[in-house]
Amino acid sequence: MNPFQKNESKETLFSPVSIEDVPPRPPSPPKKPSPKICGSNYPLSIAFIVVNEFCERFSYYGMKGNFVSKSPTYSLPLTLTPCFSLNRTIIYLSLVYVLGHVIKSLGALPILGGQVVHTVLSLVGLSLIALGTGGIKPCVAAFGGDQFEEKHAEERTRYFSVFYLSINAGSLISTFITPMLRGDVQCFGEDCYALAFGVPGLLMVIALAVFAMGSKIYNKPPPEGNIVAQVFKCIWFAISNRFKNRSGDIPKRQHWLDWAAEKYPKQLIMDVKALTRVLFLYIPLPMFWALLDQQGSRWTLQAIRMNGNLGFFVLQPDQMQVLNPLLVLIFIPLFDFVIYRLVSKCGINFSSLRKMAVGMILACLAFAVAAAVEIKINEMTPAQPGPQEVFLQVLNLADDDVKVTVVGNENNSLLIESIKSFQKTPQYSKLHLKTKSQNFHFHLKYHNLSLYTEHSVQEKNWYSLVIREDGNSISSMMVKDTESKTINGMTTVRFVNTLHKDVNISLSKDTSLNVGEDYGVSAYRTVQRGEYPAVHCRTEDKNFSLNLGLLDFGAAYLFVITNNTNEGLQAWKTEDIPANKMSIAWQLPQYALVTAGEVMFSVTGLEFSYSQAPSSMKSVLQAAWLLTIAVGNIIVLVVAQFSGLVQWAEFILFSCLLLVICLIFSIMGYYYVPVKTEDMQGPGDKQIPHIQGNMINLETKKTKL
């Protein structure tokens, strides 16, 4: 049937095309046989590509981990293969990548210029790195797939698993090594950021060298012209031509891209049809990446509010991110050699699209578990003062008991019997306000002395009423406690100095504070969890050490520095806020679920993107696959900005959204017929996939997801 004759059938994305209208594909140059690895069907050339990917990912994640702000570094996938062959594109952009690392390392040298110079060099370096990594990522994966002969499709599928494994191996190792280079080595008297940025740059040089070493044995498909531009022009011409010829007298065509036939060759039109079929399936995919991306943000914030002491090992909150690449290294061989084979033996057709759908479901379950963990954490977290409420505790630093009465209306009358502070830990009491801010009157009774004092407070805050002995009398002062001690879940400390001299306290090599004389009160300071048996302190005429003991996850501590005649200088310790109670081990199930989902979704998606693309479109489709990741990152930012939900509800929202997306993807996949690899090849290229019955015909053939 002539596609230009009148046809009343509906035009769809999946409409078939008649065989007589499509000329045979020009003969493709036969693939040069590459030496095999140890007599297997795996080309030796992929060893160079996999090692290159490992070094490049080590370089990228090592560089990314040096940013103290921990803000994500994104790179937009680019496709420059239209201008050069794939291997040349990789080499040229790798040189750009290396140059970016060199400039970024120079920007980290403290002796090189001022802040403006450092900022300019950093921005230029990061821009070049983004260009380099975004350009080579879609090319490397596609170039590795090109090394296989078509009869070795199963081995090619395994290659994509090994390729993804190398990505996570590079990420895992760089996560451990880069912080050591930054913190354990000193450059110009401070942390050596220049070395921490320079080593990833060196790994990128190694990646480039390794890739270049395999040049003589690579199978190098010839460049096919500016294919991206051709794709866009073909689509635009088809749309505009259809719009111009919308009259009912003009015969309809079976597919909307057939309207480009007046200007573009039919082979290009058929390739674009194959491309758009897969791109249509990609529409729901960014939501998966939106969930996966939160391991380094939302889940880390959740870990901060948990206790990392596992008994045999202590995990810092941000170290939980290492679990993902570690589990990927375990799960990839587990799924490839055990789970998938067991499923196959059970007679189940576990197609690529089915694997991806199951991966989405696992990610949904992971976020449902994360929501349950978040709810449990909230139950264990101390209550926060609400509107027209304040929390007040009394720190009694006098030598004997003090009775404190809050004078006010019936709701605010409160009697606090405060024992000497060295015998009893103070507790917070809730006070109700008439307005957002209010003055409170306090009646202090000490022995036969009575004192009335007034202090102002504001709603939703924590306060400490500090009482001290002043000769034969007593006095008080109101101290506003910072909110950070209870909101961010970090370990925090503050000090009250009863000495008559200022005290300088060094909590670490980077953290020190000064506490004023005569009952000076410091602000809260965040510290790392750990034992602090000998914290160095000094006054103007004396050096001494204080034993602070264990500072646990999430706790807020108060230390009162005193001079005991018998025991000398010491710190009396009390907990303002108790330590986090829920173990960080409860995050293991959600990490295991989301990583299993990632292995089923991402590894399969890489291979699917390659296998379903025409030979001229493989790197284009790989770039489109990577673009879904960038869109997923944007979704996280948008939802977080406008949802206005508490964290557990946001987790549930993401889980439900992905579940709906999974249903839509399953319906789309139900009507998608996968293209056979042998149908995409040249001279014989037998016939292109759409003509051999692989195009969807809802009346004759239907492949379920």
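Labelled according to an unreviewed UniProt entry, the chain appears under the name Solute carrier family 15 member 2, originating from Rhinopithecus bieti. For the record of the chain, the UniProt heading Subunit (unreviewed entry) holds the text "Interacts (via extracellular domain region) with trypsin." Regarding the chain, the relevant UniProt record gives this comment under Sequence similarities (unreviewed entry): "Belongs to the major facilitator superfamily. Proton-dependent oligopeptide transporter (POT/PTR) (TC 2.A.17) family."

Undergrad: What is the right way to read the overall build of the chain from this model?
TA: Looking only at helices and strands, the chain features 16 helices and 21 strands. Here the chain holds 705 residues, and 51% of them are scored as buried. Sequence-distant contacts, at least 24 apart, represent 71% of the contacts inside the chain between residues at least 6 apart.

Undergrad: Before we go on, may I ask you to explain the environment of Ile 584 in this structure?
TA: Here Ile 584 is to be found in the loop between strand S21 (568-577) and helix H13 (588-611). For the pair Ile 584 and Arg 305, spaced 279 residues apart in the sequence, the C-alpha separation amounts to 8.6 Å. Leaving out residues up to four positions away in the same chain, Ile 584 has contacts with Ala 303, Met 306, Asn 307, Gly 308, Leu 310, Leu 315, Pro 317 and Met 320.

Undergrad: Can you help me understand the environment of Met 477 in this one?
TA: Its location among the elements puts Met 477 in strand S10 (residues 473-481). Once you skip the residues sitting within four places of it in the chain, Met 477 turns out to touch His 455, Ser 464, Leu 465, Val 466, Tyr 519 and Val 521.

Undergrad: I tried to follow the sheet that holds strand S9 (residues 461-470) on my own but got confused; where do I start?
TA: Sheets are built from strands that pair by backbone hydrogen bonding, the pairs being arranged parallel or antiparallel. Read from one edge to the other, the open sheet built from four strands follows the order S6-S3-S9-S10, with strand pairing classed as mixed. Two strands lie at the open edges of the sheet, namely strand S6 (429-432) and S10, each paired on one side alone. Averaged over all neighbouring strand pairs, the angle between strand axes comes to 30 degrees, with direction disregarded. Where strand S3 (residues 389-396) and S9 come together, seven bridges link them in parallel fashion. Bridging across to S9, Gln 393 finds its partner in Ser 464.

Undergrad: In this structure, what is going on with the packing of helix H10 (residues 323-345) against H13? I would like to understand it.
TA: Helix-helix packing: each pair is described by the crossing angle between the helix axes and the interaxial distance. One way to put it is that H10 packs onto H13 with a least axis distance of 9 Å and a crossing angle of 60 degrees. Relative to H13, H10 is oriented oblique. Every pair of crossing elements has a handedness; the one defined by H10 and H13 is right-handed. On H13, the residues that touch Leu 323, Asn 324, Leu 327, Val 328, Phe 331, Ile 332, Phe 335 and Tyr 340 of H10 are Leu 588, Tyr 591, Ala 592, Thr 595, Ala 596, Glu 598, Val 599, Met 600, Val 603 and Thr 604. The class makeup of the residues in the contact of H10 with H13 is 14 nonpolar, three polar and one charged.

Undergrad: Any chance you could explain the packing of aromatic side chains here in plain terms?
TA: A ring pair, where both rings are aromatic, is described by two values, the distance of the centres and the angle of the planes. The final tally for this structure, using the stated rule, is 29 aromatic pairs. With a centroid separation of 5.8 Å and 55 degrees between ring planes, the pair formed by Phe 143 and Phe 211 is classed as tilted. Of the two residues, Phe 143 sits in helix H3 (residues 115-145) while Phe 211 sits in helix H5 (residues 193-213), which places them 68 residues apart along the sequence. Phe 211 shares its class with Phe 143; the two are buried. Between Phe 367 and Phe 651, the aromatic rings sit 5.6 Å apart at their centres with planes inclined by 85 degrees, giving edge-to-face as the arrangement. Here Phe 367 is found in helix H11 (residues 352-380), whereas its partner Phe 651 is found in helix H15 (residues 647-670), with 284 residues between them in sequence.

Undergrad: Can you help me understand a nonpolar patch on the surface in this one?
TA: A cluster of nonpolar side chains, contributed by Val 102, Leu 106, Ile 111, Leu 112 and Val 117, occupies part of the molecular surface with about 400 Å² of accessible area. Of note, Val 117 is situated in helix H3.

Undergrad: Where do I start with the sheet that holds strand S12 (residues 503-506) in this structure?
TA: In space, the four strands of this open sheet follow the order S13-S12-S17-S18, with antiparallel pairing throughout. Because the sheet does not close on itself, it has two edges, and the strands there are strand S13 (512-515) and strand S18 (543-546). Mean inter-strand twist for the sheet, computed between neighbouring axes without regard to direction, equals 25 degrees. Direction of pairing for S12 relative to S13: antiparallel, over a ladder of four bridges. Its bridge partner lying in S13, Asn 504 is registered against Asn 514.

Undergrad: I would appreciate a short explanation of the nonpolar core in the present structure.
TA: What tends to happen in soluble globular proteins is that the nonpolar side chains get buried as a cluster. In terms of nonpolar packing, the biggest core is built from 114 residues, with Trp 625 and Leu 658 touching the most fellow members. Tallying contributions element by element places H11 first for this core, with 13 residues. Each of domain 1 (42-222) and domain 2 (283-382 + 583-678) accounts for three or more of the residues forming this core. With sequence-adjacent residues up to four places away left out, Leu 658 is seen in contact with Met 287, Phe 288, Leu 291, Met 360, Ala 363 and Cys 364. Judged by nonpolar contacts, the second largest core, of 23 residues, contains Val 535, Cys 537, Phe 544 and Ala 571.

Undergrad: What is the right way to look at the side chain of Asp 576 in this model?
TA: Along the chain, the position of Asp 576 falls in strand S21. Separated by 3.2 Å, the side chains of Asp 576 and Arg 494 make a polar contact. In this structure the side chain of Asp 576 is engaged in a polar contact, spanning 2.2 Å, whose partner is the side chain of Tyr 524.

Undergrad: Would you mind going over the pattern of salt bridges with me for this structure?
TA: Note that side chains of opposite charge can pair when their charged atoms are close. Scanning the entire structure with this criterion turns up 14 salt bridges. Residue Arg 57 is joined to Glu 53 by a salt bridge in which the shortest nitrogen-to-oxygen separation is 4.0 Å. You can see Arg 57 and its partner Glu 53 sitting in helix H1 (residues 45-64), four residues apart, about one turn around the helix. Grouping residues by exposure puts Arg 57 and Glu 53 together as buried. Residue Asp 541 is joined to Lys 501 by a salt bridge in which the shortest nitrogen-to-oxygen separation is 2.3 Å. A residue pair is termed long-range when its members are at least 10 positions apart, and Asp 541 in the loop between strand S17 (535-538) and S18 and Lys 501 in the loop between strand S11 (491-497) and S12 qualify at 40 residues. Among the residues examined, Asp 541 registers a relative accessible area of 52% and is labelled exposed. Classification of Lys 501 as partly exposed rests on a relative accessible area of 30%. Ionic contacts of the salt-bridge type, sharing partners, join the residues Glu 53, Glu 56 and Arg 57 into one network.

Each value, and the rule that gives it
- Counting from 1, residues in each chain are numbered in the order their sequence is written.
- For a predicted model such as this one, the threshold for reporting local features is a pLDDT of at least 70, and the threshold for listing and counting side-chain atom pairs is 80 or more; totals across whole chains, interfaces and linings nevertheless cover every residue.
- Excluding hydrogens and water, the side-chain figures rest on all heavy atoms present in the structure.
- UniProt positions are given in the numbering used here, feature names are shortened, and annotations may be inferred rather than shown by experiment.
- Only DSSP runs of H or I covering at least 4 residues are called helices, and only runs of E covering at least 2 are called strands; the numbering of each starts at the N terminus.
- Each residue is placed in one exposure class: buried if its accessible area under a 1.4 Å probe, protein chains only, is under 20% of its type's maximum, exposed if it is over 50%, and partly exposed if it falls in between.
- Contacts are assigned to residue pairs that have any heavy atoms within 4.5 Å of one another.
- Pairs of strands are assigned from DSSP output, requiring at least two bridges between the strands.
- To get an axis, fit a line to the C-alpha atoms, keeping to the stretch in contact for a helix; angles then go from 0 to 180 degrees between the N-to-C directions.
- When describing relative orientation, an angle under 35 degrees is termed roughly parallel and one over 145 degrees roughly antiparallel, while 65 to 115 degrees is termed roughly perpendicular and anything else oblique.
- Rotating anticlockwise by less than a right angle from the far helix to the near helix defines a left-handed crossing, while the corresponding clockwise rotation defines a right-handed one.
- Each residue receives one of three labels: charged for Asp, Glu, Lys and Arg, nonpolar for Ala, Val, Leu, Ile, Met, Phe, Trp, Tyr, Cys and Pro, and polar for the others, Gly being one of them.
- Note on aromatic pairs: the rings of Phe, Tyr and Trp (six-membered ring only in Trp) are paired at centre separations within 6.5 Å, and the planes decide the class, stacked below 30 degrees, edge-to-face beyond 60, tilted for the rest.
- What goes into a patch is any residue over 30% in relative accessible area without a salt bridge, connected to like charges within 9 Å or, for nonpolar side chains (Val, Leu, Ile, Met, Phe, Trp, Tyr), within 5 Å.
- Each accessible area is a Shrake-Rupley estimate made with a 1.4 Å probe; only the visible protein chains count as cover when residues are assessed.
- Think of a salt bridge as a Lys or Arg side-chain nitrogen and an Asp or Glu carboxyl oxygen that are within 4 Å of each other.
- Remark: nonpolar core denotes a set of buried residues (Ala, Val, Leu, Ile, Met, Phe, Trp, Tyr, Cys) joined through side-chain atoms within 4.5 Å.
- Throughout the structure description, domain borders are defined by an automatic or database domain assignment.
- Definition of a polar contact: a pair of N or O atoms within 3.5 Å, with one able to donate and the other able to accept a hydrogen when the atoms are protein atoms, and with sequence-neighbouring residues admitted only if both atoms are side-chain atoms.

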